[in-house]
Amino acid sequence: MPLRNEPIEVFNRYTGATEVERVYGESWLRWTYETGLGRASLHALVKRAWFSRWYGWRMSRPASAARVEPFIAQYGLDASELDRPADSFATFNEFFSRPLRAGARPIDADTRSIVFPADGRHLGFARWGAQDRVYAKGQSFDLASLLGDTALGREFAGGALVISRLCPVDYHRFHFPIGGVAGAPRSIGGPLFSVSPIALRRRVEYLVENKRVVTIVGDSACGRVAVVEIGATCVGTIVQTHTSGRVEKGTEKGLFRFGGSCVVTVFQAGRVALADDLVRESLAGREIYARMGDRMGTVRETPVGVAPAT
């Protein structure tokens, strides 16, 4: 069992340094997931959809707009990335799901590259099923549960998998990691546990239990790709702004309302090579910080024959 108050370390791709994450609502999260009374309230109250709807309602009231500028200052957000002045947002939820100005997130131009679908902290595994650690040693989950489909679980067995964790301070729109033909999004119901490492170190299966949306992108340079958006506490709404059809790499796919959240990208076996820093840090049990549009990996010129994981 992880020690209480264990810091969350993240490797910053841009500075080349390992940093300790400033966790939004950390004291509340640690009480909820690391104490007996907190865990009791978690199951009685916090994981319930109505709790997140209530909090989302608070963040959509006009009075919540007063939170925007103090939030930007407290967490050192770059206001120059906004597509409008910070004082022009009508509510905090409008700011939270904000678009950015044109060019704020350039998309890697290499035709063989795959990009991160969202800003955040990422874990990447070259072959799902062979990993040693997901947030805490000995934890894992199966693809059939994540994708809500046994046949899809078999199809993607042994492929690369990337978990992209968004914090409340992040840009909260998500994008397609590769071009192709997007199928219709499929919703899977579930509770709304936190996806902070504070929670996931105790139980990574929250990722396959929470409410989520699964989209299969076909006809891509690396075959078929599964993109899964996962809701979390105070994220009761996952909005799809692009529902199906031909997409380009970096096309906006949708947005999350208030709270932390997660996107999981799954590839068919042997089709992609993940970025070296992503694999290196993930093997050490440490996420890397990178922004949407930056390189997640590359398509293999010749798919590598890998037997499915067992």
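Up top is the structure these notes are about.
Scope of this entry: the structure provided in the associated data block. (Residues numbered from 1 in each chain as written. Predicted model: local features only at pLDDT ≥ 70, side-chain atom pairs only at ≥ 80, totals over all residues. Heavy atoms only, no water.)

## Regarding the overall build of the protein
Step number 1: Within the protein, the secondary structure is distributed over 10 helices and 19 strands.
Step number 2: By residue count, 54% of the 310 residues in the protein fall in the buried class.
Step number 3: Counting contacts in the protein only where the partners sit at least 6 residues apart, residues at least 24 apart contribute 76% of the total. (Helix = DSSP H or I, 4+ residues; strand = E, 2+ residues; numbered from the N terminus. Buried < 20%, exposed > 50% of the residue type's maximum accessible area, 1.4 Å probe, protein only. Contact = heavy atoms within 4.5 Å.)

## As for the side chain of His122
Step number 1: Considering the arrangement of structural elements, one finds His122 in strand β4 (residues 120-125).
Step number 2: Since its relative accessible area comes to 0%, His122 is described here as buried.
Step number 3: Engagement of the side chain of His122 in a polar contact is seen with the backbone oxygen of Gly120, the distance being 3.1 Å.
Step number 4: Here the side chain of His122 touches Ser164 through a polar contact of 2.8 Å, side chain to side chain.
Step number 5: Not counting the four nearest positions on each side in its chain, His122 is found in contact with Phe116, Val162, Ile163, Ser164, Leu278, Ser282, Glu287, Ile288 and Ala290. (Polar contact = N/O pair within 3.5 Å; in protein donor to acceptor, adjacent residues only side chain to side chain.)

## Remarks on the sheet that holds strand β3 (residues 113-115)
Step number 1: Taken in spatial order, the 3 strands of this open sheet run β3-β19-β17, and their pairing is antiparallel. The outermost strands of the open sheet, each flanked by one partner alone, are β3 and β17 (272-274). The sheet shows a mean angle of 30° between the axes of neighbouring strands, taken without regard to direction.
Step number 2: Note that β17 and strand β19 (residues 295-299) share 3 bridges and pair antiparallel. Across the sheet, Val272 pairs through a bridge with Val299, a residue of β19. (Pairing = 2+ DSSP bridges. Axes fitted to C-alpha atoms, helices over the stretch in contact; angles between N-to-C directions.)

## With respect to the sheet that holds strand β13 (residues 238-240)
Step number 1: With antiparallel pairing, 3 strands are arranged side by side in an open sheet as β8-β15-β13. One side of each edge strand has no neighbouring strand; the edge strands of this open sheet are β8 (173-175) and β13. Taking each pair of neighbouring strands and ignoring which way they run, the sheet shows an average axis angle of 25°.
Step number 2: As judged from the 3 bridges shared by β13 and strand β15 (residues 252-256), these two strands associate in the antiparallel manner. By the bridge assignment for β15, Gln240 is matched with Gly254.

## Quick word on unusual backbone geometry
Step number 1: Positive phi, normally seen in glycine, also occurs at Asp219, with a value near 55°.
Step number 2: Position of Asp219 relative to the elements: it lies in strand β11 (residues 212-220).

## With respect to the environment of Arg84
Step number 1: Along the polypeptide, Arg84 turns up in the loop between α4 (68-75) and α5 (92-96).
Step number 2: Once the C-alpha coordinates of Arg84 and Arg98 are considered, the two residues, 14 residues apart in sequence, prove to be 9.4 Å apart.
Step number 3: Once you skip the residues sitting within four places of it in the chain, Arg84 turns out to touch Phe89, Glu94 and Pro99.
Step number 4: There is a polar contact of 3.0 Å between the side chain of Arg84 and the side chain of Asp83.

## Topic: α4
Step number 1: For α4, the complete set of buried residues consists of Val68, Phe71, Ile72 and Tyr75. Projection of α4 onto a plane perpendicular to its axis shows the buried side chains occupying an angular sector of 100°, all on one side.
Step number 2: Tucked into the core, α4 has its buried residues touching α5.
Step number 3: In the segment just after α4, Gly76 is the residue with positive phi, at about 65°. (Arc of directions from axis to C-beta.)

## Considerations on the side chain of Gln268
Step number 1: In this fold, Gln268 is placed in the loop between β16 (261-267) and β17.
Step number 2: Owing to a relative accessible area of 17%, Gln268 belongs among the buried residues under this scheme.
Step number 3: At a separation of 3.0 Å, a polar atom in the side chain of Gln268 contacts the main-chain amide nitrogen of Arg224.

## Quick word on the packing of aromatic side chains
Step number 1: Scanning all chains against the criterion turns up 10 aromatic pairs.
Step number 2: Plain terms: the ring middles of Phe125 and Trp128 are 5.3 Å apart, the flat faces sit at 75° to each other, and that makes the pair edge-to-face. In this structure, Phe125 and Trp128 share a single accessibility class: buried.
Step number 3: A centroid spacing of 4.7 Å and a plane angle of 40° characterise the contact between Trp128 and Phe141, whose relative ring orientation is tilted. Of the two residues, Trp128 is situated in the loop between β4 and β5 (133-134) and Phe141 in the loop between β6 (136-137) and α6 (143-147); the sequence distance between them amounts to 13 residues. Like Phe141, Trp128 is buried.
Step number 4: Taken together, the ring pairs in this structure connect Phe71, Tyr75, Phe89, Phe92 and Phe95 into an aromatic cluster.
Step number 5: Taking the ring centre of Phe95 as reference, the NZ or CZ of Arg98 above it sits at 4.3 Å. (Phe/Tyr/Trp six-rings, centres within 6.5 Å; stacked < 30°, edge-to-face > 60°. Lys NZ or Arg CZ within 6 Å of the ring centre and 35° of its normal.)

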